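# Reading the structure
As a plain string of letters, each chain reads:
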Amino acid sequence: MPELAEVEFYRKRWALAATGDTVERVLTHDTKKLLRHLDLPHFRRALTGSTLLSSSTAAKQMAFRFSGDAWLGIHLGMSGELSVFPADHVPRKHDHLVLITTRHALVFNDPRMFGRVDFDVGAEPPPWWGKIARPILSPAFSFEAVATFLARRARAPIKAVLLMQEQFPGIGNWMADEVLWRAAIHPARRAGTLRPKEVRALWRECRHVCRLALAAIAGRGDTLPPDLNVGIPPSWLFLHRWQPGGTCPRSRRPLAHATIGGRTTCWSPARQKLK
DNA sequence: AGACATGTTGCTCA
DNA sequence: ATGAGCAACATGTC
């Protein structure tokens, strides 16, 4: 599920509940997949008794900083989510990591187990953190950078290109479709065939969708919507893409679905032409 | 039963 | 070397 804004939603869920709290116990379940990068004894020892100081999100990754220079990295994969329960929470089937603090249980649940947990100790953020591409909502995400990237990926369908995290960090399947729909670009167009005007629209809509999605899904300041997708306006493609017989909220014409760039893709044929 | 799922990686081929 | 395409990962749901 989680793309840029959902990841931020889940990070805030833990952060708002437990920043300043101290970890009393660390519970783990599956250790071969999600926790495969961890030295478990070291992980437990380092985290137990440490305090959650701060956290941040970069693209689809989260980093939780604990006292003792301890950094907990989480990637939610396809089906991961973070939630908060009372401290007496009994781990469920796919609760792979549970941090028990004085007041809460911070739970990382992931049925499909495509997620990942990292743990590093150091005064600075871990090396992998620095390798994440600069945010789409930063000056580094320039029109020129996008145009150059598209030129290099000229033969790939634009849908596939939008999913490449090295240039579009945090964009996932639904955000890519949302961007292309707003920019009126057919997802199967080869990246190298976009006209400069279309590249500019793509660049603009990437930023626009990131901003809208963060505001709607992850809330503002210290607020958090009660649930994912609760504040998403029906003017977005998002709310119509999976509905049987769904229609384009702008043209009112039927939506189309196909596998493009290896992923299920939804678009509005009335707005997005192949040409 | 079978298709399919909001992600990433590692392999093959050109 | 670089880019494109696709299977694989593991499990749940419709």
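Presented here is a report on the structure given in the accompanying data block. Since the structure is predicted, the reported quantities are computational estimates derived from the model, not experimental observations. (Residues numbered from 1 in each chain as written. Chains lettered and ligands numbered in written order. Predicted model: local features only at pLDDT ≥ 70, side-chain atom pairs only at ≥ 80, totals over all residues. Heavy atoms only, no water.)

## Examining the packing of helix H1 (residues 4-18) against helix H7 (residues 196-218)
Which entries qualify depends on this criterion: Note on definitions: angles span 0 to 180 degrees between N-to-C directions of axes, and those axes are lines fitted to C-alpha atoms, for helices only across the stretch in contact. Helix and strand definitions follow DSSP, with helices as H or I runs of at least four residues and strands as E runs of at least two, each counted in order from the N terminus. The crossing is said to be left-handed when, going from far helix to near helix, the turn is anticlockwise and less than a right angle, and right-handed when the turn is clockwise. Contacts between residues were defined by any pair of non-hydrogen atoms, one from each residue, lying within 4.5 Å. Under the scheme applied, nonpolar residues are Ala, Val, Leu, Ile, Met, Phe, Trp, Tyr, Cys and Pro; charged residues are Asp, Glu, Lys and Arg; polar residues are all the others, including Gly.
Packing of H1 against H7 brings their axes to within 8 Å, and their N-to-C directions diverge by 35°. Handedness of the H1/H7 crossing: right-handed. Contacts between H1 and H7 involve Leu4, Ala5, Glu6, Glu8, Phe9 and Lys12 from the first element and Cys210, Ala213, Leu214, Ile217 and Ala218 from the second. The residue makeup of the contact of H1 with H7, split by class, is eight nonpolar, no polar and three charged.

## Remarks on the sheet that holds strand E6 (residues 95-101)
Convention followed: Here the rule is simple: two strands pair whenever DSSP picks up at least two bridges between them.
Judged by pairing direction, the sheet is antiparallel, and its four strands sit side by side in the order E1-E6-E7-E5 without closing on themselves. Strands with a single pairing partner mark the edges of an open sheet, and in this sheet they are strand E1 (23-28) and strand E5 (81-86). Adjacent strand axes in the sheet meet at a mean angle of 20°, parallel and antiparallel pairs treated alike. Examined bridge by bridge, E1 and E6 share five bridges and lie antiparallel to one another. Within E6, the residue paired with valine 26 across the bridge is leucine 99. Each of E1 and E6 is contacted by helix H2 (residues 40-47), which is oriented at about 155° to E1, the strand it contacts most.

## Quick look at helix H6 (residues 173-183)
What counts is decided by this rule: Each residue is placed in one exposure class: buried if its accessible area under a 1.4 Å probe, protein chains only, is under 20% of its type's maximum, exposed if it is over 50%, and partly exposed if it falls in between.
By the criterion of burial, H6 is predominantly enclosed, with eleven of the eleven residues buried. Among all positions in H6, only Asn173, Trp174, Met175, Ala176, Asp177, Glu178, Val179, Leu180, Trp181, Arg182 and Ala183 are buried. Positioned one or two residues after H6, alanine 184 has a phi angle of 60°, which is positive.

## Side note on the protein's contact with DNA strand B
Going by this rule: Nearness here has a simple test: a residue counts as near a molecule or strand if at least one of its heavy atoms is within 4 Å of that partner. Under this definition, polar contacts are N or O atom pairs within 3.5 Å; protein pairs additionally need one hydrogen-donor-capable and one acceptor-capable atom, and for neighbouring residues in sequence, both atoms have to be side-chain atoms.
Of all residues adjacent to DNA strand B, which total 16 residues, the nearest are Met1, His75, Met78, Arg263 and Thr264. For DNA strand B, the fraction of protein-proximal atoms (within 4 Å) that sit in sugar or phosphate groups is 58%. Glutamate 6 places a side-chain nitrogen or oxygen 3.0 Å from a base oxygen of DNA strand B. Every element with two or more residues in the surface near DNA strand B is listed here: H6 and strand E10 (263-267).

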